[in-house]
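Chains, contacts and geometry: an overview
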Amino acid sequence: MKYTVSIEVALPRERVARLLADPAHVEKWLRGLVLHEPVDGEHGQVGTTSRVVFQTGNQRMECTETVTRREPADLRHIPEGGVVRFDREIVGAGMWSVVRDRLTQAGPEATLWASESEYRFDGLFMRLVGFLAPGAFRKQSLRHMLDFKAFAERGTDVREAHG
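The structure reproduced in this document is the subject of the present report.

Analysis parameters
Residues numbered from 1 in each chain as written. Predicted model: local features only at pLDDT ≥ 70, side-chain atom pairs only at ≥ 80, totals over all residues. Heavy atoms only, no water. Helix = DSSP H or I, 4+ residues; strand = E, 2+ residues; numbered from the N terminus. Buried < 20%, exposed > 50% of the residue type's maximum accessible area, 1.4 Å probe, protein only. Contact = heavy atoms within 4.5 Å. Pairing = 2+ DSSP bridges. Axes fitted to C-alpha atoms, helices over the stretch in contact; angles between N-to-C directions.

Examining the environment of Phe86
With respect to the secondary-structure elements, Phe86 resides in strand 5 (residues 84-92). With a relative accessible area of 13%, Phe86 lands in the buried category. Spatially, the C-alpha atom of Phe86 lies 15 Å from that of Val5, the residues being 81 residues apart in sequence. Apart from the residues lying within four places of it in its own chain, the contact partners of Phe86 are Ala17, Leu20, Ala21, Arg69, Arg70, Leu75, Val99, Arg100, Asp101 and Leu103.

Here it is as structure tokens:
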């Protein structure tokens, strides 16, 4: 299963890239995040493997995330007109996915964030979930992006949200 979602964030590309890459802020916009800890490498750097745990209601999911691309490596020096790329591979119980995020300048104070996701499922149950509810995956990806947008633009923290 593959899909792409995108949003525009009303901030310059450099600011968006730095906020996305900063581990101090991730729990403020990544709804349901319980833990995101590097087990090998430095947070956000290519080759780093992290343990990631999410909790939604009574459902807990643990996975391993590996950063496979980060361009440019130094987010303080982004070339004019360049594209910022963050790619990662995620492996969890019954699933494998890859997420490719691209940030492009949409104006002096605006960034277009496009996120392409690909999922593969193991086992009958996960294959059924992927087949019967593909929209749920897309909706979850968009929810994370909208939560980031609210955090970046207005300082909204998902941990303080109700409902």
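Structural notes on the sheet that holds strand 7 (residues 110-121)
Strand order in this open sheet of 7 strands is 1-7-6-5-4-3-2, and the pairing throughout is antiparallel. The strands lining the two open edges of the sheet, one partner per strand, are strand 1 (2-9) and strand 2 (33-40). Within this sheet the neighbouring strands show an average axis-to-axis angle of 25 degrees, counted without direction. Examined bridge by bridge, strand 3 (residues 49-56) and strand 4 (residues 59-71) share 8 bridges and lie antiparallel to one another. Residue pairing in the sheet places Ser50 in a bridge with Glu65 of strand 4. Its contacts with the sheet place helix 1 (residues 13-21) against strand 1, strand 4, strand 5, strand 6 (95-107) and strand 7, and it is angled at close to 155 degrees to strand 6.

Considering the pairing of strand 3
In this sheet, strand 3 lies alongside strand 2 in antiparallel orientation, the contact comprising 6 bridges. Within strand 3, the residue paired with His36 across the bridge is Val52. Hairpin connection, strand 3 to strand 4: the antiparallel pair is bridged by 2 residues, and Gly57 has positive phi, about 60 degrees.

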